[in-house]
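# Chain and residue survey
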Amino acid sequence: MYLDELVEFCLSLPDVEETQPFGPEHVVYKTKGKMFLLVGLEDSPIRFNVKCDPARAIQLREDYPDAVLPGYHMNKKHWNTIVVGPELSRQQLEDFILHSYTLVHK
């Protein structure tokens, strides 16, 4: 997944706004005024933070130790940092984003 595809997927979800509260190097996607994804525009490989159910977060980190990390500069109980690469499929990446969006959009 490329950055433009990530952006397109996030913006395709209902009631999503794109903001840059942390400066021009990062984009935050929110729904109902709450953040569900943070991505660095300069990161290579692409990395993004998503909200996650705490039990699921631990399991994903165990299953994908090189691609799912505790949320960088976030509450590590509720956030994961996802490293885009060959270990994760596009469908898995979209599932992580959708899970985060759903947790916040309730």
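Data block above holds the structure.
A short tour of the structure in this document, coming up. The structure displayed is predicted, hence computed values, not measured ones.

## What to know about the environment of Val16
Secondary-structure assignment places Val16 in strand 1 (residues 16-19). Residues Val16 and Val104 lie 88 residues apart in sequence; the distance between their C-alpha atoms is 11 Å. Those residues in contact with Val16 that lie beyond four places of it in its chain are Cys10, Leu11, Tyr29, Lys30, Phe36 and Tyr101.

## Description of the nonpolar core
Counting residues in hydrophobic clusters, the biggest one holds 27 residues, and the most contacted among them are Tyr29, Phe36, Leu37, Val39, Phe48, Ile82 and Ile97. Looking at this core, the elements that each hand over two or more residues are helix 1 (3-12), strand 2 (26-31), strand 3 (34-40), strand 4 (47-51), helix 2 (54-63) and helix 3 (90-105). For this core, the element with the highest residue contribution is helix 3, accounting for five residues. Those residues in contact with Leu37 that lie beyond four places of it in its chain are Leu6, Cys10, Val27, Val28, Tyr29, Phe48, Asn49, Val50, Trp79 and Ile97. Counting residues in hydrophobic clusters, the runner-up holds five residues, among them Met35, Leu38, Met74 and Trp79.

## A short note on unusual backbone geometry
Note the cis peptide between Ser44 and Pro45, where omega equals 0 degrees. Backbone geometry places Lys32, a non-glycine residue, at a positive phi of 55 degrees. When you line up the elements, Lys32 lands in the loop between strand 2 and strand 3. What makes Lys32 exposed here is its relative accessible area of 52%. Unusually for a residue other than glycine, His73 sits at a positive phi of about 60 degrees. When you line up the elements, His73 lands in the loop between strand 5 (68-70) and strand 6 (79-83). For His73, a relative accessible area of 66% corresponds to the exposed category.

## A closer look at the packing of aromatic side chains
This structure, assessed with the given rule, holds one aromatic pair. With a centroid separation of 5.4 Å and 80 degrees between ring planes, the pair formed by Phe36 and Tyr101 is classed as edge-to-face. A residue pair is termed long-range when its members are at least 10 positions apart, and Phe36 in strand 3 and Tyr101 in helix 3 qualify at 65 residues. Both residues of the pair, Phe36 and Tyr101, count as buried.

## Details of the side chain of Thr31
Mapped onto the elements of the fold, Thr31 is located in strand 2. Residue classification places Thr31 among the buried residues on the basis of a relative accessible area of 0%. If we skip the residues at most four places from it in the chain, Thr31 touches Pro14, Asp15, Phe36, Tyr101, Val104 and His105.

Here is what the cut-offs are and how they apply
- Residues numbered from 1 in each chain as written.
- Predicted model: local features only at pLDDT ≥ 70, side-chain atom pairs only at ≥ 80, totals over all residues.
- Heavy atoms only, no water.
- Helix = DSSP H or I, 4+ residues; strand = E, 2+ residues; numbered from the N terminus.
- Contact = heavy atoms within 4.5 Å.
- Core = buried A, V, L, I, M, F, W, Y, C linked by side-chain atoms within 4.5 Å.
- Buried < 20%, exposed > 50% of the residue type's maximum accessible area, 1.4 Å probe, protein only.
- Phe/Tyr/Trp six-rings, centres within 6.5 Å; stacked < 30°, edge-to-face > 60°.

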